[in-house]
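The chain contents come next:
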Amino acid sequence: MGHEVTMAFRDSAFIESSRAEGFETFIAPLLKLQREMNPSPLNFSDVLLNLGFKDTRGVAGALRAWQSLFDLLKPDVLVAEYAPTALIAALLARIRRVTVSAGFSVPIFSDPMPDLRRWQPSDPNILRALDDRLLATVRHAAGARAQLLPDRAHALFHANAHLLCTFPEIDPFGPREGVEYLGPPADSVGGADIPWLNETAPHVFAYLKPRAARFDAVMAALATLDAEVIVAAPGLTADRATALSTPSMRVVPGAVNLDLVMQGASLCVSHAGAGVPARAMAAGVPMALLPLQLDQFLMAIRIEQTGAAVISNPEQPAPDFRAWFTDVLTEPRFREAAKRLRESHGTHDFGKAATRTAARIAEVAQR
Amino acid sequence: MARIAFAWEMGGELGHAMACNSLALAMRARGHHVAFIFRELHSLTHLPVIAAHDVFQAPVSISEGEGQPLPSSLADILLGCGYDRPQHLAGMLAAWFAIFDRWKPDLVVTDFSPTALLAARVMGLRRVTFSNGFSVPPRLTPLPAFRFDQGVNPEKLAQSEARALATVNGALARFGVAPLRALAQQLETDEDFLATFPELDSYPNRPAAGYWGPRVSFDAGADVKWPAAGGRRIAVYVKQSMRHIDTLIDALAASPHRVAAFIPDLDPARAAKLRSPARIVSERAIKLGPLLRDCDLLVSHGGNICPGALMSGVPQLVFPTQYEQFLTAHRIATLGAGAWVGPEAPVADVVAALDRLANDPSFKRAAQAYAARYPGYSPAEQQRRILNRLDEIIAKPARPSALPSAK
């Protein structure tokens, strides 16, 4: 499209590959994390207070550094992917703002911002106090420019466009107004082509993190299923992958080609990260979800609501995984719900989602 | 007018920012344009005069310090700060390249910033170190140990050097840049402003070197006068997070001494406990220059302020929080000009040390004798010489970049 794109990442580990792809890439201003984090933040303000927004000096320094970066680069538009300080800095600098996300980093814009766990009762006064604290920190950090800030916490994170690269059914806070659902993008990293070999057995695909607490128990159960199993476990050593593999279960210590593996899959097991469930939905594959963190848990609940998935809550005792997987494989209602999802999203073109998103960003930039 | 980038990449003390700021202000007064590229942006708001500087985040490894044993040399520190894998280091280097390429410094002034030095070397930028010496080991191979209180195996030193060097060369290869022969090359500069004197150098075995004296600026901050009460005059510059903070506050509050304290972000309950007509608790950094003239004791963690105040003949009580500070504290104790209390020491040691330092005149005599060895030193004279030397370096012809493509 001919635009000049500059990146700023918080993790320097991604900078080299970004630079290798031709992007000028900076380190993003970092907030100082607290030594002790609250494991169960209540609302979006509480999440940010947990991630450094209690520290007025730190926020002030980060806003200053974003301003210097904006002065240096003179962007027409800021594209923020879970970058709240950058969004606020751009607001102060009067730069157009677009968010790109899978939903969790775009809060529900209400006053106060709601409890993240919508199923539990919450005290609006506590939520409002969290919003007020966040807003007070930001206003104090902004110093003389605080007058440019809104008087409601949620308005700090408004943007000219909120582009949600996901399906409405798996937006953790969806479906909702005020955002654009552009659908999930293709994987940036390709994976190995692992074809299904057994035409008669059910096909179970699992995408698992080896560091997950229940990894061993899940693997043991998968190995006993009356099914052909493919496990993608990026981060696993090659030796361990070989040791865990059986005649009916192939364990790959890396990413796999999701297009290929979803075709003909009977069950998809994952942690409910953004990418894999979307693929399973488009392919009409029932899911067993093992979320590890809050954003995954919220997304898992949304998928469960479609009827196409079951969830194992990490804060509750583990189920008998073999029986749990078998239930999803054999109960027709999961297949039927998954089929309905495929009817809605089976024609989604993952490869074009990024282009559509880029085009919308360009529109905002050129307004 | 030149463009001067100050880089602070490792180490966690406000002193790094304060020292850079003092020099930066002087450079700005000479018409130069200044950028701070700092690891901690939090510290900047202690420096209200930075509004005219550009400010950037220094690239740091987000897995810093994970899984590394206690360091004995700079190579060990590097291994714990992203030099364990070429991909990590290449990311940090790329980020330095990006900022240098865009901001276009004529000179990079580094304070504990080995990756900034490496990036500047690759890009042919003029560069200097400005530090107390801990981050600038003698350029030997392998880089020597700073740890002195435990035996350091020479083979282990060589292994750490080899590992870190392999990472450096692996990262450089990703950018098509020729390898280094030794880590010492990474640390090569146009000048090292070793802001200490030999007695306090972290590397007492350093071959012949120029020393510029401690880097301090005691002429900025809140104007405070010693209270007109009796007792010794004790200046306190510590962090609230120190292990013995409550013991120290209790001991000072129970003492007959006058106190001028700056403890950043001190919580109101502690401040109320310490504050009295005889004990000033400042919410801003204090202008120490006027106070040091008749100060009887400085309580600190052993950062820049500590050797700086020693030049005014002020005895020191040091609560080191990390090894670099411990080295300073140890050397001051060796001079007889102070004492230190470690974080694991019992409470009684804090009270006893405070009492001993306030009442034993030998500490003051030793501190004054040390200061008398360097009659030509003053922060202003040190800064004048540094600025002149920097102007010489800026006037040197630029070197070509070894980077095939800057973007």
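Residues numbered from 1 in each chain as written. Chains lettered and ligands numbered in written order. Predicted model: local features only at pLDDT ≥ 70, side-chain atom pairs only at ≥ 80, totals over all residues.

Structural notes on helix α2 (residues 44-53) of chain A
All names here are of chain A.
Okay, so step 1: Along α2, 7 of the 10 residues are buried, which leaves the element largely enclosed by surrounding structure.
Okay, so step 2: Burial in α2 covers these residues: F44, S45, D46, V47, L48, L49 and F53.
Okay, so step 3: Where α2 is buried, its residues meet α3 (56-73), α4 (84-92) and α5 (124-142). (Buried ≥ 20, exposed ≤ 12 C-beta atoms within 10 Å, placed from the backbone. Helix = DSSP H or I, 4+ residues; strand = E, 2+ residues; numbered from the N terminus. Contact = placed C-beta atoms within 7 Å.)

Details of the nonpolar core
Okay, so step 1: One finds V231(A), F6(B), I37(B), L93(B) and A119(B) to be the most contacted residues of the largest nonpolar core, which totals 184 residues.
Okay, so step 2: Once you skip the residues sitting within four places of it in the chain, L93(B) turns out to touch T115(B), L118(B), A119(B) and A171(B).
Okay, so step 3: Of all hydrophobic cores here, the second largest spans 50 residues; its members include F262(B), M311(B), V318(B) and W340(B). (Core = buried A, V, L, I, M, F, W, Y, C linked by C-beta atoms within 7 Å.)

Some remarks on the domain arrangement of chain B
Residues and elements named next belong to chain B.
Okay, so step 1: The domain boundaries assigned to chain B delineate domain 1 (3-213 + 379-395) and domain 2 (233-372).
Okay, so step 2: Across the contact, 11 residues belong to domain 1 and 13 residues belong to domain 2.
Okay, so step 3: Looking at side-chain class alone, the side of domain 1 that touches domain 2 contains 4 nonpolar, 5 polar and 2 charged residues. (Domains from an automatic or database assignment. Nonpolar A, V, L, I, M, F, W, Y, C, P; charged D, E, K, R; others polar.)

Considering the interface of chain B and chain A
Okay, so step 1: Every contact between the two is made by 25 residues of chain B and, on the other side, 27 residues of chain A.
Okay, so step 2: Taken together, the elements giving at least two residues each to the side of chain B that touches chain A come down to β3 (54-57) and α3 (86-103) of chain B.
Okay, so step 3: Here the residues of the side of chain B that touches chain A sort into 13 nonpolar, 7 polar and 5 charged.

Details of the sheet that holds strand β10 (residues 267-270) of chain A
Residue and element names in this part refer to chain A.
Okay, so step 1: An order of β9-β8-β7-β10-β11-β12 is seen for the 6 strands of this open sheet, with the pairing classed as parallel. Only two strands of the sheet have a single neighbouring strand rather than two, namely β9 (249-252) and β12 (309-311). Here the average twist between neighbouring strands, direction ignored, is 15°.
Okay, so step 2: Across the sheet, helix α9 (residues 275-283) lies against β7 (203-207), β10 and β11 (287-289), angled at about 170° from β10, the strand it touches most. (Pairing = 2+ DSSP bridges. Axes fitted to C-alpha atoms, helices over the stretch in contact; angles between N-to-C directions.)

Notes on the sheet that holds strand β4 (residues 96-101) of chain A
Residue and element names in this part refer to chain A.
Okay, so step 1: An order of β3-β4-β5-β6 is seen for the 4 strands of this open sheet, with the pairing classed as parallel. The sheet is open, and its two borders are formed by β3 (77-80) and β6 (180-181), each paired with just one other strand.
Okay, so step 2: Sheet analysis places β3 next to β4, joined by 4 bridges and oriented parallel. Paired with A80 across the two strands is T99, which belongs to β4.
Okay, so step 3: The sheet strands contacting α4 are β3 and β4, and the helix crosses β3 at an angle near 160°.

Overview of the pairing of β3(B)
All names here are of chain B.
Okay, so step 1: Here β3 shows no split at all, with D54 and F56 on one side and V55 and Q57 on the other all buried.
Okay, so step 2: The pairing of strand β2 (residues 33-38) with β3 spans 4 bridges and is parallel. Looking at the pairing, I37 lines up with F56 of β3.

Side note on the environment of L236(A)
Residue and element names in this part refer to chain A.
Okay, so step 1: When you line up the elements, L236 lands in the loop between β8 (228-232) and α7 (238-244).
Okay, so step 2: Sequence separation of L236 and V252 is 16 residues, and the distance between their C-alpha atoms is 8.2 Å.
Okay, so step 3: Beyond its immediate chain neighbours, meaning those up to four positions away, L236 contacts P210, A241 and P253.

A few points about the pairing of strand β8 (residues 258-262) of chain B
Residue and element names in this part refer to chain B.
Okay, so step 1: In terms of burial, β8 is a largely internal element, 5 of the 5 residues being buried.
Okay, so step 2: Alternating positions in β8 separate into two faces, R258, A260 and F262 on one and V259 and A261 on the other, with burial throughout.
Okay, so step 3: Bridge count between strand β7 (residues 233-237) and β8: 5 bridges; the pairing is parallel. Residue pairing across strands places A235 opposite A260, the latter belonging to β8.
Okay, so step 4: In this sheet, strand β9 (residues 279-282) lies alongside β8 in parallel orientation, the contact comprising 4 bridges. Across the sheet, A260 pairs through a bridge with I280, a residue of β9.
Okay, so step 5: Handedness of the β-α-β unit built from β8, helix α8 (residues 268-274) and β9 comes out right-handed. (Right-handed = clockwise from strand over helix to strand, strands pointing away.)

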